[in-house]
Amino acid sequence: MASSTDLKKILGDLNKDSFISLLSKLIGESKYLQNNPPELIPQEDRAVKHVLDSLLPLSTTTGGGPLVINHVTYFPGRGNVIVEYPGTVPGKILSFVGCHMDVVTANPNDWEFDPFSLSIDGDKLRGRGTTDCLGHVALVAELMRRLAETKPKLKSTVVAVFIANEENSAISGVGVDALVKDGLLSKLREGPLFWIDTADKQPCVGTGGMIPWKLHVTGKLFHSGLAHKAINPLELAMEALKEIQSRFYRDFPPHPKEEVYGFATPSTMKPTQWSYPGGGINQIPAECTISGDVRLTPFYNVKDVMEKLQEYVDDINENIGKLDSRGPVSKYVLPDENLRGSLTLSFDETSSGVACDLNSRGFHVLCKATEEVVGHVKPYSITGSLPLIRELQDEGFDVQTSGYGLMATYHAKNEYCLFSDMRQGYQVFVSIISQLED
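Residues numbered from 1 in each chain as written. Predicted model: local features only at pLDDT ≥ 70, side-chain atom pairs only at ≥ 80, totals over all residues. Heavy atoms only, no water.

**A word on the overall build of the protein**
This is how it is decided: For helices the rule is a DSSP run of H or I covering at least 4 residues; for strands it is a run of E covering at least 2, with both sets numbered from the N terminus onward. When accessible area is computed with a 1.4 Å probe and restricted to protein chains, residues below 20% of their type maximum are described as buried, those above 50% as exposed, and intermediate ones as partly exposed. Contact criterion: two residues are considered in contact whenever any of their non-hydrogen atoms come within 4.5 Å of each other. When charges are tallied, Lys and Arg are placed among the positive residues and Asp and Glu among the negative ones, while His and the ends of the chain are skipped. Positions of charges follow a simple convention, taking NZ of Lys, CZ of Arg, CG of Asp or CD of Glu.
Across its full length, the protein carries eleven helices and 20 strands. Expressed along its principal axes, the backbone C-alpha trace of the protein runs to roughly 85 × 45 × 40 Å. Taking all 438 residues of the protein together, 53% fall into the buried category. Long-range contacts, defined here as pairs at least 24 residues apart, represent 80% of the contacts in the protein between residues at least 6 apart. Both charge centroids of the protein, one from 42 positive and one from 55 negative side chains, sit 2 Å from each other.

**Some points on the sheet that holds strand β11 (residues 268-275)**
We count it as follows: We treat two strands as partners when DSSP finds at least two bridges between them. Fitted lines through C-alpha atoms give the axes, limited to the stretch in contact for helices. The angle between two N-to-C directions lies from 0 to 180 degrees.
Read across the open sheet, the four strands follow the order β11-β13-β9-β16; overall the sheet is antiparallel. On the outer flanks of this sheet lie β11 and β16 (342-347), each paired with one strand and no other. Between one strand axis and the next, the sheet turns by 25 degrees as a mean value, whatever way the strands run. Bridge count between β11 and strand β13 (residues 287-296): seven bridges; the pairing is antiparallel. Each bridged residue has a counterpart across the sheet, and for Q273 the counterpart in β13 is S291. Where helix α6 (residues 233-251) meets the sheet, it contacts β9 (209-218), β11, β13 and β16, and its direction lies at approximately 165 degrees from that of β11. Of the strands in this sheet, β9, β11, β13 and β16 touch helix α8 (residues 302-318), which is tilted by about 170 degrees from β16.

**As for the sheet that holds strand β20 (residues 416-418)**
Sheet architecture is open: three strands sit in the order β4-β5-β20, paired in antiparallel fashion. Each having just a single partner strand, β4 (119-121) and β20 make up the two edges of the open sheet. This sheet shows a mean twist of 25 degrees between the axes of neighbouring strands, independent of strand direction. In this sheet, strand β5 (residues 124-126) lies alongside β4 in antiparallel orientation, the contact comprising three bridges.

**Comments concerning the pairing of strand β7 (residues 192-196)**
In terms of burial, β7 is largely enclosed, as five of its five residues are buried. Pairing of strand β3 (residues 93-100) with β7, which is carried by three bridges, proceeds in the parallel orientation. When the bridges of β7 are listed, V97 appears paired with W195. Pairing between β7 and strand β19 (residues 398-402): five bridges, direction parallel. From the neighbouring strand, I196 faces β19, where its bridge partner is S402.

**With respect to the UniProt feature "domain: Peptidase M20 dimerisation" (unreviewed entry) in the protein**
Under the convention used in this document: UniProt positions are given in the numbering used here, feature names are shortened, and annotations may be inferred rather than shown by experiment.
Feature annotation in UniProt places "domain: Peptidase M20 dimerisation" (unreviewed entry) on residues 206-318, given in this structure's numbering. This span, residues 206-318, is 37% helix and 30% strand, and a straight line between its end C-alpha atoms measures 38 Å.

**A few points about the environment of T350**
Mapping T350 onto the fold places it in the loop between β16 and β17 (354-355). For the pair T350 and P212, spaced 138 residues apart in sequence, the C-alpha separation works out to 6.6 Å.

**With respect to helix α9 (residues 361-374)**
Since the α-helix advances by 3.6 residues per turn, residues separated by three or four positions end up pointing in the same direction. Heads up, the rule is: To estimate the expected span of a helix, subtract one from its residue number and multiply by 1.5 Å.
Spanning 14 residues, α9 covers 20 Å between terminal C-alpha atoms, matching the ideal 20 Å at 1.5 Å per step. Among the residues of α9, G362, F363, V365, L366, C367, A369, T370, V373 and V374 are the ones counted as buried. Buried residues belonging to α9 abut β7, β8 (204-207), β19 and α11 (419-437). G375 sits one or two residues past α9 and shows a positive phi near 105 degrees.

**A look at the nonpolar core**
Soluble, globular proteins show a tendency: their nonpolar side chains are buried together. How we decide: Remark: nonpolar core denotes a set of buried residues (Ala, Val, Leu, Ile, Met, Phe, Trp, Tyr, Cys) joined through side-chain atoms within 4.5 Å.
The biggest cluster of nonpolar side chains holds 61 residues, and the ones touching the most others in it are F19, F96, M144, F162 and I432. For this core, the leading source of residues is helix α4 (residues 134-150), giving ten residues. Apart from the residues within four sequence positions on either side, F19 is in contact with L14, L125, G135, A138, L139, E142, F419 and M422. By size, the runner-up hydrophobic cluster in this structure holds 30 residues, among which are L241, C288, Y300 and V302.

**Some words on the side chain of S402**
You can see S402 is positioned in strand β19. Setting aside chain neighbours within four positions, we find S402 in contact with W195, I196, D197, T198, K201, Q202, P203 and L366.

**Re the packing of aromatic side chains**
To keep things clear, this is the line we draw: Note on aromatic pairs: the rings of Phe, Tyr and Trp (six-membered ring only in Trp) are paired at centre separations within 6.5 Å, and the planes decide the class, stacked below 30 degrees, edge-to-face beyond 60, tilted for the rest. The rule is short: NZ of Lys or CZ of Arg within 6 Å of the ring centre and within 35 degrees of the ring normal puts a charge over the ring.
In total, this model carries ten aromatic pairs according to the counting rule given. Residues F19 and F419 carry aromatic rings whose centres are separated by 5.9 Å and whose planes lie at 50 degrees to one another, so their mutual orientation is tilted. On the criterion of sequence distance, the pair formed by F19 in helix α2 (residues 16-27) and F419 in helix α11 is long-range, its members being 400 residues apart. Across the pair, exposure class does not vary: F19 and F419 are buried alike. Measuring from centroid to centroid gives 5.7 Å for Y404 and F429, while their planes differ by 85 degrees, and the two rings are edge-to-face. Here the residue Y404 occupies a position in the loop between β19 and β20, and F429 occupies one in helix α11, the gap between them amounting to 25 residues. Classification of F429 by relative accessible area gives buried; the value is 1%. Each member of the aromatic cluster is reached from another via a ring pair, and the members are F96, F194, Y404 and F429. Sitting above the plane of the F419 ring, K16 keeps its charged end 5.1 Å from the centroid.

Listed below in structure tokens is the structure:
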């Protein structure tokens, strides 16, 4: 078997020309990989083609090498690719998963360069998907290509899974959810699974759950010069939301484990959108809607929070006359007309957060590899959501996450990554494989 030192020599460094050549082809497809249904449904097989062009010549399919490749499609033109470099010890396995071939939308008019073609500015590799996540697709494909070319004798089987449909959950049964359901990833439970779709070269050990909510508020429309005859839904919404938020932060305060995991923020509940039907400036409207989200650290339960939020709204409705008002004629009950303002709370699709296992072998080898290559290790957590990871964790996978793009350009205009970071990512992967041979 190859020793740790030998393996690092065999696999060497990231081949810059080969990596950039593949990345350029992938970014060239990114216009057709945008995921925002129903207008934009990605055609991930356009990216799959370039991955297969790189790896099939080194596969058992063509007889040119050891890679076992499975192109799995559940929806026309929207494929996933599972690539396996076989080891010698049954049941000894590690995997790199989560490199997705869809991207978020980009408006070329808002960018300083063409988002849909790769451009290079020194160390910067620029274009939609360079950080999230076509850069990782190219990076992991290059790792698998190098394994197949050099054929080191490994105890561990190394598996790469390139997935469709990560950026939007409006359409399901296309990507990793379907692969898990069909049992195609079952054997990955036997070893650490590294989800490669975060940023900044450090282990991301925690993510947040998300509860999108809408608070619809009903008042009474009237002329603004006769405010005493109206129930102002805007004022009611503001006061009610203030009370709901106060109760939320009382019941779901910062959790002690958030410090252990390095969460940037505790759980939050806040408005992000406001709408009303329209009308003149001299009209108090009849209704309005505030929308927002709860970002929940994984140490609280999503269902518990939803039940509490509904309790708050029910209690406010019951005692609406006791809610703070604004000025001498502001009120939420008109007894002479038998009218009361009211609140209605609804939720959209929710997801739960993830706390990675800090005692697992996968976490320890990722930390050691990161320190060895990057020079320091500082695991972090954010209340951004990665719902697919939680589903894998619930299915019994030891999920650890990392990524080698830049958080500052994630989903942003003028997205780019650094070649030097991707190069270090390759070295981290090689170190992980080497450590798990011991």
